[in-house]
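Listed below, chain by chain, are the residues.
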Amino acid sequence: MFLANTLLAAAWLSVGLPQGPTRPLTARAPHCTLPGEKFGYPDGVAVAPDGTVYVVDTDSTILKKISPTGQVTRLGAGSLVYPTGVALAPDGTAYVADAGNHSIVRIGLGGEVSRLASRGLVYPAGLALGADGALYIADAGREPGSGAVFKLSLTGRLQSLATGLHRPSSVALATDGTVYVTDTESNSILKINSLGEISPVAGGEFNKPHGLAVGAHGAVYVADTYNNRVQRIDSAGNVTTVTSGFHYPSGIAVDRAGVVYVTDTGNGMLKKINPTGVVMLLPEMAGATRPH
């Protein structure tokens, strides 16, 4: 599967499409990780209020749903081409950025798959869901300088919020409506306010940042991919290292208790960081099921 996706990525490059905002060719781990479960190339991650974790496994072209007890359900099998990011609705509906199909896919509670949007998208890489149900999309574009952030309304209207970005790979929302974006190739974190004004939050400290998430008190957590660490940006713009020692971390999510979930992509692992900074693997998984 990895070889097949590598060839697919090469084919996209030949027609001017990006392989991905940050994907390092050397970040391939020997298949494996969590006890009882394997990841090919874990990327986007999201966590539900009940502790269920959703992980995009790009090379396996599926979305994995991991219950608090470690039970794994594979979603979207046969329907995704090159999935990257994921966002969750309050009712448990999952939305997946399928870069290979240039589209956004919705996966219902029973595992049913439907395609929401494709027109106007080039390489949707990251997703976030607004309080009004609208989806925010980081689209990496065809080359640096052609990236954009879009808002997809409930009626299907695709609105451009920002253009001219350098392969944005992730997007997150604060409670006040501020949109945060990792502008990967410019090594910076940007924010878009309610007026549509774009400004840098932080830069210089990052090397190909990928995933980001907004936690309690408005702190922004960033997977600083090529620096192999997770960074935290406080409300004053101060950047601190939460923890290091990863191998090309990509996706990141924060739950209500302040636990940070990270896809340690180069190691093929899913890890979590508790509020005291201790890094752990998720509990052992009992097995895997497919939706009926």
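Residues numbered from 1 in each chain as written. Predicted model: local features only at pLDDT ≥ 70, side-chain atom pairs only at ≥ 80, totals over all residues. Heavy atoms only, no water.

Examining the packing of aromatic side chains
- This structure, assessed with the given rule, holds one aromatic pair.
- Between Tyr226 and Tyr248 the ring centres are 5.3 Å apart and the planes differ by 70°, which places this aromatic pair in the edge-to-face class. Of this pair, Tyr226 sits in the loop between strand 18 (220–224) and strand 19 (229–233) while Tyr248 sits in the loop between strand 20 (239–244) and strand 21 (249–254), and the two are 22 residues apart along the sequence.
- Tyr248 gets classed as buried once you look at its relative accessible area, which sits at 15%.
- The ring of Phe39 carries Lys64 above its face, with NZ or CZ at 4.7 Å from the centroid.
- Between the NZ or CZ atom of Lys208 and the centre of the ring of Tyr226, over which it lies, the distance is 6.0 Å. (Phe/Tyr/Trp six-rings, centres within 6.5 Å; stacked < 30°, edge-to-face > 60°. Helix = DSSP H or I, 4+ residues; strand = E, 2+ residues; numbered from the N terminus. Buried < 20%, exposed > 50% of the residue type's maximum accessible area, 1.4 Å probe, protein only. Lys NZ or Arg CZ within 6 Å of the ring centre and 35° of its normal.)

A look at the environment of Arg115
- Tracing the chain through its elements places Arg115 in strand 8 (residues 113–117).
- Residue Arg115 is classed as partly exposed on the basis of its relative accessible area, which comes to 41%.
- Residues contacting Arg115, with those up to four places away along its chain left out, are Ser79, Asp98, Asn101, Ser103, Ile104 and Val105.
- Within polar-contact distance, the side chain of Arg115 engages the backbone oxygen of Ser79 at 3.0 Å.
- A polar side-chain atom of Arg115 sits 2.7 Å from a polar atom in the side chain of Ser103. (Contact = heavy atoms within 4.5 Å. Polar contact = N/O pair within 3.5 Å; in protein donor to acceptor, adjacent residues only side chain to side chain.)

Side note on the sheet that holds strand 6 (residues 94–98)
- Strands sit in the order 5-6-7-8 across an open sheet of four strands; the sheet is antiparallel. The open sheet has two edge strands, strand 5 (83–88) and strand 8, and neither has a second partner. The mean inter-strand angle of the sheet, taken between neighbouring strand axes irrespective of direction, is 30°. (Pairing = 2+ DSSP bridges. Axes fitted to C-alpha atoms, helices over the stretch in contact; angles between N-to-C directions.)

Side note on the sheet that holds strand 9 (residues 124–129)
- Strand order in the open sheet made by the four strands is 9-10-11-12, with antiparallel pairing throughout. Edge positions in the sheet fall to strand 9 and strand 12 (158–165), since each of these pairs with one other strand and no more. Ignoring which end each strand starts from, the neighbouring axes of this sheet average 15° apart.
- The pairing of strand 9 with strand 10 (residues 135–139) spans five bridges and is classified as antiparallel. The residue bridging Leu129 from the neighbouring strand is Leu135, located in strand 10.

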